[in-house]
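Observations on the three-dimensional arrangement
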Amino acid sequence: MVIGFIIGCEIAFWIVLGLGLLLRYPLRRPTAGAVVLAGVPLVDLALLVACAVDLHNGATAGSTHALAALYLGFSLAFAHTVVRWADVRFAHRFAGGPAPEKPANRRAHEWRLFGLAAIAWAVTCALLAVGIWWIGDPARTAALKNGMGQVSMVLVIWFVVGPLLTSNTSGRKQSTSKTKRR
């Protein structure tokens, strides 16, 4: 049941986002578009309710419940960034807005994204911890506990391949470019 809700919520997220941007730019209804875009969190609320009902009805928490918590954490942390990313591209394509720009400072950009990932991690772990506490049965919540470890590993990997490597690479590029100028 939960995996179907996750897939449905992912589809609904992109439909709501697309409809909001369609209203905002090609149909020139910015207020209606803003109202629809403000409804994006309702998609997350529907998934949270579906998981709570499933667990309340006695389901043993599985990896899909942990995935739902990750989806919610990611969505809460990154939704604004994804909407802004899509908005800039729609404005450029349909309303004569400026072309999307690449980040001026790649290192700062990677640290900002990692900060959002850390927020997603914190929300995910909090949701999983609440689920463990709410169910109160270690036999039914092992997958949620495992989910905490998995999402923590993802955060560590994100740190290594994101800001850590970008910081080291940026430093090498700067020193190389200084050498070439001499």
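For clarity, every value in this text was computed on a predicted model and none was experimentally measured.

Some thoughts on the pattern of salt bridges
Taken as a whole and assessed by the stated rule, the structure comprises 2 salt bridges. Where R24 meets D87, a salt bridge forms, and the shortest distance between an N and an O atom there is 3.6 Å. With R24 in helix 1 (residues 2-24) and D87 in helix 4 (residues 63-95), this pair connects stretches of sequence that are 63 residues apart. The exposure class assigned to D87 is buried, which follows from its relative accessible area of 17%.

Quick look at the packing of aromatic side chains
Applying the stated criterion to the full structure yields 7 aromatic pairs. A centroid spacing of 5.8 Å and a plane angle of 65° characterise the contact between W111 and F159, whose relative ring orientation is edge-to-face. Of this pair, W111 sits in helix 5 (residues 106-135) while F159 sits in helix 6 (residues 138-181), placing them 48 residues apart in sequence. Residue class for W111 comes out partly exposed when judged on its relative accessible area of 40%. Connected via pairs of aromatic rings, a cluster forms that spans F74, F78 and W158. Here R93 stacks its cationic end above the ring of F94, 5.4 Å away from the centre of that ring.

Quick look at the nonpolar core
By size, the foremost hydrophobic cluster in this structure holds 28 residues, and its most contacted members are F13, L17, L21, L47, A68, Y71 and F78. Within the residue set of this core, elements represented by two or more residues are helix 1, helix 3 (40-56), helix 4 and helix 5. Top contributing element to this core by residue count: helix 4, with 9 residues. Not counting residues within four places of it along the chain, the set of residues in contact with A68 comprises V2, I6, L47 and C51. Counting 7 residues, the second largest nonpolar core, distinct from the first, contains A66, L128, I135 and L144.

Looking at a nonpolar patch on the surface
A cluster of nonpolar side chains, namely M153, V156, I157, V160, V161, L164 and L165, defines an oily patch on the protein surface of about 590 Å² accessible area. Tracing the backbone through its elements, the reader meets L164 in helix 6. Looking at L164, the relative accessible area reads 34%, which means it is partly exposed.

Comments concerning helix 4
At F78, helix 4 shows its largest kink, close to 55°. Directly after helix 4, the chain includes G96, whose backbone phi takes a positive value near 70°.

Calculation notes
Residues numbered from 1 in each chain as written. Predicted model: local features only at pLDDT ≥ 70, side-chain atom pairs only at ≥ 80, totals over all residues. Heavy atoms only, no water. Salt bridge = Lys/Arg side-chain N within 4 Å of Asp/Glu carboxyl O. Helix = DSSP H or I, 4+ residues; strand = E, 2+ residues; numbered from the N terminus. Buried < 20%, exposed > 50% of the residue type's maximum accessible area, 1.4 Å probe, protein only. Phe/Tyr/Trp six-rings, centres within 6.5 Å; stacked < 30°, edge-to-face > 60°. Lys NZ or Arg CZ within 6 Å of the ring centre and 35° of its normal. Core = buried A, V, L, I, M, F, W, Y, C linked by side-chain atoms within 4.5 Å. Contact = heavy atoms within 4.5 Å. Patch = residues over 30% accessible without salt bridge, like charges linked within 9 Å, V, L, I, M, F, W, Y side chains within 5 Å. Areas by Shrake-Rupley, 256 points an atom, 1.4 Å probe, with all protein chains shown as cover. Bend = angle between axes of the 7 residues up to and from the residue.

In short, geometric facts, not functional conclusions.
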